[in-house]
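Residue strings, one per chain:
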Amino acid sequence: MDIRFIQHTQSETAGNIFDIQLRSYKIEAELIDFEDLPPLQDSKEAIMDSNETFIGCILEQELVGVLSYEETNDRIYINRLMVDPDHFRKGVGQCLLSFLRDAHPSHKIIVQTGAKNTPAIELYKKHGFHHTDEVEVAPGVTITQMECSPIE
């Protein structure tokens, strides 16, 4: 697996990101029983216009996972972490998170995911994230916020 920063402003790359995003977040929508997830309302153009930084996982010359984030002085906010469903449980998400932690060891990292998205929550826990908050965003739909401290 090759993990690297990717240029989401390029049309073909944004299209590949968008394809993975739709396929990945449809599964999360089913897991948390909420079809109106914001990533499913996105577009290739919105990805191209985004101010986020994008990291991609390339396997056999194919983009199979993406993490995007925004950075402040001492915090990283993960906005998207998605893996092509054909590559679930192959370590793609773990590689993306490890790359991000290694690239920003002095930053606190914050992420939100559906409270019913057990696979995502377990992945974050493996990387030192802990639960900090929960918010009900729609009737019966709760988002869990997690964070991890800077690497000492």
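All values reported here derive from a predicted model rather than from experimental measurement.

Conventions we followed
Residues numbered from 1 in each chain as written. Predicted model: local features only at pLDDT ≥ 70, side-chain atom pairs only at ≥ 80, totals over all residues. Heavy atoms only, no water. 1 Å grid on protein atoms, 1.4 Å probe; cavity = no way out; pocket = protein on both sides within 12 Å on 5 of 7 lines; lining within 4 Å. Points joined across faces, edges and corners; volume = space filled by probe spheres on them. Helix = DSSP H or I, 4+ residues; strand = E, 2+ residues; numbered from the N terminus. Nonpolar A, V, L, I, M, F, W, Y, C, P; charged D, E, K, R; others polar. Buried < 20%, exposed > 50% of the residue type's maximum accessible area, 1.4 Å probe, protein only. Contact = heavy atoms within 4.5 Å. Pairing = 2+ DSSP bridges. Salt bridge = Lys/Arg side-chain N within 4 Å of Asp/Glu carboxyl O. Expected span 1.5 Å × (residues − 1). Core = buried A, V, L, I, M, F, W, Y, C linked by side-chain atoms within 4.5 Å.

Draft legend 1. Looking closely at the layout of surface pockets. Of the voids in this model, the largest pocket is the one considered here, and its volume is about 1000 Å³. As for the largest pocket, its lining consists of 41 residues, of which Glu28, Leu81, Thr113, Asn117 and Ala120 are closest to the centre. Of the residues forming the lining of the largest pocket, the biggest block, 7 residues, is contributed by strand E4 (residues 75-83). For the lining of the largest pocket, the residue count by class is 22 nonpolar, 12 polar and 7 charged.

Draft legend 2. Geometry of the side chain of Glu147. Looking at the secondary structure, you find Glu147 in strand E7 (residues 141-148). Take Glu147: its relative accessible area is 14%, and that puts it in the buried class. In this structure Glu147 touches Lys108, Ile109, Ile110, Gly128, Phe129, His130 and Thr132, once residues within four positions along its chain are discounted.

Draft legend 3. Local environment of the pairing of E7. Summarising burial for E7: 6 of the 8 residues are buried, a large majority. Note that strand E5 (residues 108-114) and E7 share 6 bridges and pair antiparallel. Across the sheet, Gln112 pairs through a bridge with Gln145, a residue of E7. As defined by bridge partners, strand E6 (residues 130-138) adjoins E7 across 7 bridges and the pair is classed as antiparallel. Within E7, the position partnered with Glu136 by the bridge is Thr142. The antiparallel pairing of E6 with E7 creates a hairpin that spans 2 residues between the two strands, and Gly140 there sits at a positive phi of about 80°.

Draft legend 4. Molecular detail of the pattern of salt bridges. According to the stated counting rule, one finds 7 salt bridges in the structure shown. Ionic pairing is found between Arg80 and Asp42, a salt bridge with its closest N-O pair at 2.8 Å. Linking Arg80 in strand E4 with Asp42 in the loop between helix H1 (11-32) and helix H2 (44-49), this pair joins segments that are 38 residues apart in sequence. For Lys125, the salt bridge is made with Glu122, and the minimal N-O distance between the two is 3.9 Å. Here Lys125 and its partner Glu122 are both found in helix H4 (residues 118-126), 3 residues apart, which amounts to about one turn of the helix.

Draft legend 5. Region of interest: H1. Here H1 is 22 residues long and its end C-alpha atoms lie 31 Å apart, about the 32 Å a rise of 1.5 Å per residue gives. Within the span of H1, buried status applies to Thr13, Ala14, Ile17, Phe18, Ile20, Gln21, Ser24, Tyr25, Glu28, Ala29 and Ile32. Downstream of H1 by one or two residues, Asp33 has phi in the positive range, about 60°.

Draft legend 6. Looking closely at the nonpolar core. One finds Leu67, Ile78, Tyr124 and Phe129 to be the most contacted residues of the largest nonpolar core, which totals 23 residues. If we ignore the near neighbours within four places in the chain, the residues touching Leu67 are Thr53, Phe54, Ile55, Ile78, Arg80, Leu81, Leu96, Leu97 and Leu100. Judged by nonpolar contacts, the second largest core, of 19 residues, contains Ile32, Leu37, Ile58 and Met82.

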